[in-house]
Amino acid sequence: MNFCSECGSAVMLCVPTGDHLPRYVCPECGTIHYQNPKMVVGCIPEWEDKVLLCRRAIEPRYGLWTLPAGFMENGETTLEGAARETWEEARARIEIGGLYTLYNVPHANQVHFLFRARLLDLDFQPGIESLETRLFAEADIPWDKIAFRTVRATLEQYFSDRRAGSFDFHFGDIRTR
Ligand code: ZN
C-alpha cells in the first residue's frame, strides 16, 4: 500500500501505539489500514462417482485444473460464495452440503473453505474464467495438472473418504506452494 484510501496521502509502515505488528498508517488523517487474511470459498460438485473440475482460463495457474472456488465477497455467506463461484466458473447449479475441508494457507494470507455439493443437473459449461469443465472419476483425475495445493489435498481426502465409506470434516495447514 502506498497511499491512504481515505485521504490520498502517502502512508507509512509502523507499529501503532499499543499494537504489536507494523501497519500502514496515514500520518495525515490517522487511519490505520489493517490487512487481514482473505477467505477463499468453493466446493466439490459431485455427480454419482465423479467430481466436476474446471480448467483455469486465468492466471495464476492458467491451464491447470481446480475445483470451483474463489475469494468471498463482502455481504455474502460462505455458502453463497461457494455457490456463486461454482456458477461463475462452471455455470453449474448445486445443492451445498456440509463444510468438508478448511485449510490455513499462512504464506498466502488465506483460509480456504471447501464444501461438499451435489450437482443438480449436467447442464454445466465453462464460465468466463474457465477453458473447460469436466466430470472426473477418481482414476481420471489429472493429478499432475492440479492448480492448487488445497484443491489437491481436498481431492485426495475426498477419494480416500469415499473408499472408506465415510466423509468427515478435515482441517489442516498448507505451508508450501
Ligand atoms: Zn489518510
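Here's a quick rundown of the structure. (Residues numbered from 1 in each chain as written. Predicted model: local features only at pLDDT ≥ 70, side-chain atom pairs only at ≥ 80, totals over all residues. Heavy atoms only, no water.)

Digging into the pattern of salt bridges
This is how the line gets drawn: The salt bridge criterion pairs a side-chain nitrogen of Lys or Arg with a carboxyl oxygen of Asp or Glu, the two atoms within 4 Å. Strands here mean DSSP runs of E at least two residues long; helices mean DSSP runs of H or I at least four residues long; both are numbered from the N terminus.
Per the counting criterion, the structure on display carries 14 salt bridges. Note that aspartate 123 and arginine 93 form a salt bridge whose closest N and O atoms lie 3.3 Å from each other. Placement of the pair is aspartate 123 in the loop between strand E9 (110-119) and strand E10 (130-136) and arginine 93 in the loop between helix H1 (78-90) and strand E8 (94-105), with a sequence separation of 30 residues. A salt bridge links glutamate 138 to arginine 163, with the shortest nitrogen-to-oxygen separation between them at 2.3 Å. You can see glutamate 138 sitting in the loop between E10 and helix H2 (149-164) and its partner arginine 163 sitting in helix H2, a full 25 residues away along the chain.

Re the nonpolar core
What counts is decided by this rule: Take the buried Ala, Val, Leu, Ile, Met, Phe, Trp, Tyr and Cys residues and link them wherever side-chain atoms come within 4.5 Å; each set so joined is a nonpolar core. For the exposure calls, accessible area comes from a 1.4 Å probe over protein chains only, and a residue counts as buried if that area is under 20% of its type's maximum, exposed if over 50%, partly exposed in between. By definition, residues are in contact when any of their heavy atoms lie within 4.5 Å.
Counting 16 residues, the largest nonpolar core has Leu52, Ala92, Phe113, Leu119 and Phe124 as the members making the most contacts within it. Mapped by element, the contributors of at least two residues to this core are strand E4 (38-47), strand E5 (50-56), H1, E8 and E9. For this core, the element with the most residues is E9, which contributes five residues. Every residue in contact with phenylalanine 113, bar those within four places of it in the chain, is listed here: Met39, Val40, Val41, Gly42, Leu99, Thr101 and Leu102. Counting residues in each nonpolar core, the second largest holds 14 residues, with Ile44, Val151, Tyr158 and Phe159 among its members.

So, the coordination of the zinc ion
Using the following cut-off: Coordinating donors are taken as N, O and S atoms within 2.8 Å of the metal, stretched to 3.2 Å for Na, K and Ca; because water is absent from the atoms, sites can appear incomplete. Geometry assignment treats four donors as tetrahedral when all angles are between 85 and 135 degrees, treats four as square planar and six as octahedral when opposite donors are over 155 degrees apart and all others between 65 and 115, and treats everything else as irregular.
Distances from the zinc ion to its protein donors, Cys4 (SG), Cys7 (SG), Cys26 (SG) and Cys29 (SG), fall at 2.3 Å. Taken together, the four donor atoms coordinating the zinc ion span angles of 99 to 119 degrees at the metal, a pattern that classifies the geometry as tetrahedral. Counting the intervening residues between successive donors of the zinc ion yields the motif C-x2-C-x18-C-x2-C. Of the two residues, cysteine 7 is situated in the segment before strand E1 (12-14) and cysteine 26 in the loop between strand E2 (23-25) and strand E3 (32-33); the sequence distance between them amounts to 19 residues. Judged by its relative accessible area of 39%, cysteine 7 is partly exposed. By relative accessible area, cysteine 26 is classed as buried at 1%.

A closer look at the packing of aromatic side chains
We apply this condition: Pairing of aromatic side chains here covers Phe, Tyr and the six-membered ring of Trp, requires ring centres within 6.5 Å, and sorts the geometry by plane angle: under 30 degrees stacked, over 60 edge-to-face, intermediate tilted.
Evaluated as defined, the whole model comprises seven aromatic pairs. Aromatic pair tyrosine 100 and tyrosine 158: ring centres 6.2 Å apart, planes at 85 degrees, arrangement edge-to-face. Taken as a pair, tyrosine 100 in strand E8 and tyrosine 158 in helix H2 lie far apart in primary sequence, 58 residues in all. An identical accessibility class is assigned to tyrosine 100 and tyrosine 158; each is buried. When the ring of tyrosine 158 is compared with that of phenylalanine 159, the centres are 5.2 Å apart and the planes differ by 85 degrees; the resulting orientation is edge-to-face. According to the relative accessible area criterion, phenylalanine 159 is buried, its value standing at 1%.

Describing the pairing of strand E11 (residues 170-173)
Keep this limit in mind: When DSSP locates at least two bridges between a pair of strands, those strands are taken to pair.
Of the two faces of E11, the one holding His170 and Gly172 is buried and the one holding Phe171 and Asp173 is not buried anywhere. As judged from the four bridges shared by E8 and E11, these two strands associate in the parallel manner. Note that in E11 the partner of threonine 101 across the bridge is histidine 170.

Re unusual backbone geometry
One can expect most non-glycine residues to show negative phi and most peptide bonds to be in trans. The peptide bond linking glutamate 59 to proline 60 adopts the cis configuration, its omega dihedral lying at 0 degrees. Considering the arrangement of structural elements, one finds proline 60 in the loop between E5 and strand E6 (65-66). Notably, glutamate 48 is not glycine yet its phi reads approximately 50 degrees, a positive angle. Position of glutamate 48 among the secondary structure elements: in the loop between E4 and E5. With a relative accessible area of 64%, glutamate 48 lands in the exposed category. Even without being glycine, asparagine 109 reaches a positive phi, approximately 55 degrees. Within the secondary structure, asparagine 109 is located in the loop between E8 and E9.

Limitation: the analysis is restricted to geometry and does not speak to function.
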